[in-house]
Each structure stands twice: as structure tokens, then as C-alpha cells.
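Examination of the molecular architecture
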Amino acid sequence: QVQLVESGGGLVQAGGSLRLSCAASGRTFSSYAMGWFRQAPGKEREFVAAITWSGNSTYYADSVKGRFTISRDNAKNTVYLRMNSLKPEDTAVYYCAADPRNSLFPGAEVYDYWGQGTQVTVSS
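First, a word on scope: everything that follows refers to the structure included in this document.

Cut-offs applied
- Residues numbered from 1 in each chain as written.
- Predicted model: local features only at pLDDT ≥ 70, side-chain atom pairs only at ≥ 80, totals over all residues.
- Heavy atoms only, no water.
- Helix = DSSP H or I, 4+ residues; strand = E, 2+ residues; numbered from the N terminus.
- Buried < 20%, exposed > 50% of the residue type's maximum accessible area, 1.4 Å probe, protein only.
- Polar contact = N/O pair within 3.5 Å; in protein donor to acceptor, adjacent residues only side chain to side chain.
- Contact = heavy atoms within 4.5 Å.
- Disulfide = S-S within 2.5 Å.
- Pairing = 2+ DSSP bridges.
- Salt bridge = Lys/Arg side-chain N within 4 Å of Asp/Glu carboxyl O.

1. Some remarks on the side chain of aspartate 99
Inspection of the secondary structure puts aspartate 99 in strand β9 (residues 92-99). Overall, aspartate 99 belongs to the buried group, its relative accessible area being 0%. Of the polar contacts made by the side chain of aspartate 99, one reaches the backbone nitrogen of arginine 101; its length is 2.9 Å. Not counting the four nearest positions on each side in its chain, aspartate 99 is found in contact with Tyr32, Ala33, Leu104, Val110 and Tyr111.

2. Remarks on the state of the cysteines
Counted according to the given criterion, the structure contains 1 disulfide. Here cysteine 22 pairs with cysteine 96 through a disulfide, and the sulfurs are 1.9 Å apart. The disulfide joining cysteine 22 to cysteine 96 has a torsion of about 50 degrees about its S-S bond and is therefore right-handed. Of this pair, cysteine 22 sits in strand β3 (residues 18-24) while cysteine 96 sits in strand β9; the two residues are 74 residues apart in sequence, bridging distant segments of the chain. Cysteine 96 matches cysteine 22 in its accessibility class, with the two residues each being buried.

3. Concerning the pairing of strand β1 (residues 4-7)
Residues Leu4 and Glu6 line the buried face of β1, whereas the alternating positions Val5 and Ser7 sit on a face that is not buried. Here β1 runs beside β3; their pairing, made up of 4 bridges, is antiparallel. Within β3, the position partnered with valine 5 by the bridge is alanine 23.

4. Overview of the pattern of salt bridges
One pass over the structure, following the stated rule, counts 6 salt bridges. Aspartate 90 is the partner of arginine 38 in a salt bridge, and the nearest nitrogen-oxygen pair spans 2.8 Å. One end of the pair, arginine 38, is in strand β4 (residues 33-39); the other, aspartate 90, is in the loop between β8 (78-83) and β9, and 52 residues separate them in sequence. Judged by relative accessible area, which is 5%, arginine 38 ranks as buried.

As far as function goes, none of this settles anything; it's purely spatial.
Spelled out as C-alpha cells, the structure:
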């Protein structure tokens, strides 16, 4: 029902910034909560941030709070993740996901649709 494509990943030095984008297809994008997750090599996938369909509510993992900002532009069917003050431990494949129920819950089970991921590598 929804197709998600991430972009914007790359290689940055510690302390640098990146902005990830997730483009969604479908006319119901504005009704979906959107989330970002990440998975590092040998690690479990973990929640990063989420935003309600209206953009009025956001939720962040403690590990990224104050450094990352999630936002969305429903007119463009796009959700963003601005990442500042990047650390080597932020290195991971970053995935965006869509929650049709707009629950803003950080568990992966809430999200029905997933992108293919974009690699973020932070060098020390």
C-alpha cells in the first residue's frame, strides 16, 4: 500500500551532520505516523524517532534526543531525519517506516511498511 525510499546517507566525520530523506508513494501518506529505525552490524534494529501524521507530536530515542530532528512535508510525501553531532556509534543502516494507525509507538511491530535503508557511516 505504501512504498518508501530512503536517501541521504553517506560517510561523515564525527561531529558532522547529515539529513536523511524518505519519499513515500501513495495518497494516504499524510495519515500515517512515520518512524526512523537503524541497525548496526551485529546489532538489533532499534528505534530512532517517530512523528505523527500532523507533525505536531514527535518521539525520540534517548540516544539521539537533542541531536536528531524528525520532520515531515506531507505535500511532498517526504519525511526527514536531520542528524547533528554525529558519533561513530550512530553508524548503521537507517530505515524509515510507516504506521497506518498513527500510534507513535516506538516498537517495530507497529510499522507496516519499510524502506530499503540507507547507510550512514560516521568515522572517528
